[in-house]
Amino acid sequence: MPDYLLASPDGIAWLTLLLFSPLVGAAIVVVAMLTHQSDQLVKRGVVAWMFVPLGIALYIWAGYDPTLVRDGQGVIQFVERVPWIRTIQVDYFLGIDGLSLPMVLLTVVMAPIAALSGFSLTKRVKEHFAVLLLLEWALLGYFLALDFFFFFIFWEFSLVPAFFLILMWGRSNLESKRANGESTREASSDDDPFSRRRHAAVIFFIYTMAGSLGLLLLFQFIYLATKAGGFPTFDLIALGRLGSGLPVAGADLTLSEMFSAYAAQLGITAMLGTDPLIYTGIAFWAIFIAFAIKLGVWPLHIWLPAAYSEAPTAASILLAAVMSKMGAYGMLRLLLPMVPDAAQYFAPVMAALALIGIVAGAGGALAQAGGDIKRLIGYTSINHMGYVMLAIAAAAASGAGTQLSEAALQTSRTIALNGAVMQMVAHGLSTGALFLLAAWLMQRGGSYRLGDYGGLRTAAPVFAGVFGATMFANLGLPGLAGFVGEFFIFRGAWATLPLFTLCATIGLVVTALGLLLMQQQIFFGELNPNLRNTSDLTPGELGIIAPLLALLLLLGIYPAPLLSLSNTVATQVVQIFDRLLA
């Protein structure tokens, strides 16, 4: 292997063990299903099993060295590479770096939280937990795979368990109508083909599948272009190096040169011209649209509020906490390294879309201040992922017209990307916690509609305190992880996109207002007589939510463990644009 790839130091295939542990857990659930084991045993067994991938991931984190840099990039570690389909150069290729490791850790932390949220489930319990394990498997595979063949398989397969979780275990129509203030006298059954959860599942599936089509066609073109250039590959790291202008053994041309040469060979240049930016620009939009849909970038976010709202709690947690991050991860892994010239050219467009999403998400959350709790949280996710998109655009932007030195611009871009990774992790923890608390609120009050609550702090003071702490973490209170991510993003983006950054601060204020109104509506004011006997959080519930709050506090006070992981990769990505400008 090249110097920038490093195998496991002890020779054990830790990433394979991590990847397939959820799949083994799903197989065990199937055996439990066939042998008619009790639902309670399956619930407890799945939660216990989910600590296996968590333990493996922590071991990998302990053995990962974030300071290793070779051949112009951070070293990909714990690499496992085995030829799979030799005729088209497909490899079983897994690896971890400072970009993927935080996402893996987020996945293995949130998966058992999602499973614990399903303990109140009473219908098709074994199937639910098997599908949940399949979703964890697909998410881990996506973050670990470094060959496009497997990367795309896991990207697409993650839709399947998410689709069935929404479709089969989503809200009943009665809950949906209550949440939207409609009459429940003629509420149809869960089997109604026109129910909201079916619509949410289908629109989620179609949007993501449609976006993926361009990505698939692009990589078919990339393979043929690299093959014509004498270096056929699906290797994402090699493609990123070719796009970034870094040397790759066996390749004499850059990725942009391969695109242009293959387009000329096909006769496309006679119609479109010979400017390399034309072809990298087409590649940019094919990649961007696919990942922007999953990230919830405006105007490709239409599926998100419905999916988050109608999904069962476990799916809402994983959709918001982890799946939305698949889009940002894909942009950082593929978009910026492979087509940096197009990313720089279209950076203002990315920034404009991010800004609209930030404001629209904040406005949507504020509009739900008297409506549905889950939809409000969903709109705040659009807002927060807009900040991540702004950081990506800021890293790609040229910074033309600024008076800063090249060193200052490089530092600012690096800060922005570090902020993006921190924001993804902080948002995953806080939004997952909010969805969990919303589910416990539903169990007590029988509704997701904010208008059905009021004064609950009197009956459940601990619940009010925990909900408030989680809400403040989500809106970025100093001392909590969300503040670190947002501060780094705004500090970094100011250097290259000052106007967009200034306007984006509107979203901070409006989102905070929406969340504060939600807290006020539920817990303050006159106590709703129907909630007089509402129980407070139990010790078990506190035990579930406490780790998330502890992580949010720890990363807010001492973010170095996470930033030390992402900084090398962030610096490497920024150097791509430094070389491009030079």
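Everything below is about the structure shown above.
Residues numbered from 1 in each chain as written. Predicted model: local features only at pLDDT ≥ 70, side-chain atom pairs only at ≥ 80, totals over all residues. Heavy atoms only, no water.

(A) How the structure looks around the overall build of the chain. Looking only at helices and strands, one finds 26 helices and five strands in the chain. Over its C-alpha atoms the chain spans a radius of gyration of 23 Å, differing by no more than 12% from the 25 Å that the globule rule assigns to 582 residues. Dimensions along the principal axes, computed over C-alpha positions, put the chain at roughly 75 × 60 × 45 Å. Looking at the chain residue by residue over its 582 residues, the buried ones come to 60%. For the chain, the share of sequence-separated contacts (at least 6 apart) that also reach a separation of at least 24 residues comes to 80%. When the accessible surface of the chain is summed, it comes to about 20,800 Å², and 66% of that surface belongs to carbon and sulfur atoms. (Helix = DSSP H or I, 4+ residues; strand = E, 2+ residues; numbered from the N terminus. Rg over C-alpha atoms; globule rule 2.2 N^0.38 Å. Buried < 20%, exposed > 50% of the residue type's maximum accessible area, 1.4 Å probe, protein only. Contact = heavy atoms within 4.5 Å. Areas by Shrake-Rupley, 256 points an atom, 1.4 Å probe, with all protein chains shown as cover.)

(B) Main features of the packing of helix α23 (residues 481-496) against helix α24 (residues 498-523). Relative to each other, α23 and α24 sit at 150°, their axes nearing to 7 Å. If you check the angle between α23 and α24, you find them roughly antiparallel. Taking contact as the criterion, the partners of Glu486, Phe490, Ala493, Trp494, Ala495 and Thr496 in α23 are, on α24, Pro498, Thr501, Leu502, Ala504, Thr505 and Leu508. When the residues that make up the contact of α23 with α24 are grouped by side-chain class, the tally is eight nonpolar, three polar and one charged. (Axes fitted to C-alpha atoms, helices over the stretch in contact; angles between N-to-C directions. Parallel < 35°, antiparallel > 145°, perpendicular 65-115°, else oblique. Nonpolar A, V, L, I, M, F, W, Y, C, P; charged D, E, K, R; others polar.)

(C) Broad picture of the nonpolar core. Among the nonpolar cores identified, the biggest contains 218 residues, and Met110, Phe288 and Ile522 are the most heavily contacted of them. For this core, the element with the highest residue contribution is helix α20 (residues 406-445), accounting for 19 residues. For Phe288, the residues in contact, after removing those within four places along its chain, are Val297, Met331, Leu335, Met350, Leu353 and Met389. (Core = buried A, V, L, I, M, F, W, Y, C linked by side-chain atoms within 4.5 Å.)

(D) Summary view of the pattern of salt bridges. Evaluated as defined, the whole model comprises five salt bridges. The closest approach of N and O atoms between Lys126 and Asp39, which form a salt bridge, is 2.7 Å. Note that Lys126 is positioned in helix α5 (residues 125-144) and Asp39 in helix α2 (residues 39-49), a separation of 87 residues in sequence. Here Arg444 and Glu541 are joined by a salt bridge, their closest N and O atoms 2.7 Å apart. Here Arg444 is found in helix α20, whereas its partner Glu541 is found in helix α25 (residues 539-557), with 97 residues between them in sequence. Taken individually, Arg444 and Glu541 each receive the classification buried, so the pair is uniform in this respect. Shared partners join several salt bridges into a network, and the residues in it are Arg81, Asp91 and Asp235. (Salt bridge = Lys/Arg side-chain N within 4 Å of Asp/Glu carboxyl O.)

(E) Region of the structure containing helix α10 (residues 236-244). The element α10 is extensively covered by neighbouring structure, given that nine of its nine residues are classed as buried. Where α10 is concerned, the buried positions are Leu236, Ile237, Ala238, Leu239, Gly240, Arg241, Leu242, Gly243 and Ser244. The backbone nitrogen of Ile237 has a side-chain oxygen 2.8 Å away, supplied by the residue at the start of α10, namely Asp235. (Polar contact = N/O pair within 3.5 Å; in protein donor to acceptor, adjacent residues only side chain to side chain.)

(F) The arrangement of the sheet that holds strand β5 (residues 90-96) in detail. Strand order in this open sheet of three strands is β1-β4-β5, and the pairing throughout is mixed. On the outer flanks of this sheet lie β1 (5-7) and β5, each paired with one strand and no other. Adjacent strand axes in the sheet meet at a mean angle of 50°, parallel and antiparallel pairs treated alike. Sheet topology places strand β4 (residues 76-85) next to β5; six bridges connect them, and they run antiparallel. Within β5, the position partnered with Glu80 by the bridge is Leu94. Here helix α1 (residues 14-34) sits on the sheet in contact with β4 and β5, set at roughly 95° to β5. (Pairing = 2+ DSSP bridges.)

(G) Looking closely at empty space enclosed by the protein. For the coordinates displayed, the defined rule picks out four cavities of 30 Å³ or more. Within this model, the largest cavity holds a volume of roughly 160 Å³. Forming the walls of the largest cavity are 17 residues, and the residues nearest its centre are Gln73, Ile237, Arg333, Pro337 and Gln572. When residues of the lining of the largest cavity are traced back to their parent elements, those giving at least two are β3 (73-74), α10, α16 (325-338) and α26 (560-581). It is α10 that provides the largest number of residues to the lining of the largest cavity, a total of five residues. Looking at the lining of the largest cavity, its residues break down into nine nonpolar, five polar and three charged. Around the second largest cavity sit Gly98, Leu99, Leu332, Leu417, Val421, Ser566, Val569, Ala570 and Val573, which together line it. The leading source of residues in the lining of the second largest cavity is α26, at four residues. (1 Å grid on protein atoms, 1.4 Å probe; cavity = no way out; pocket = protein on both sides within 12 Å on 5 of 7 lines; lining within 4 Å. Points joined across faces, edges and corners; volume = space filled by probe spheres on them.)

(H) Main features of the side chain of Thr380. Position of Thr380 relative to the elements: it lies in helix α19 (residues 373-396). Here the side chain of Thr380 touches Ile377 through a polar contact of 2.5 Å, landing on its backbone oxygen. When neighbours within four sequence positions are excluded, Thr380 is seen to be in contact with Gly361, Ala365, Asn474, Thr511 and Leu515.

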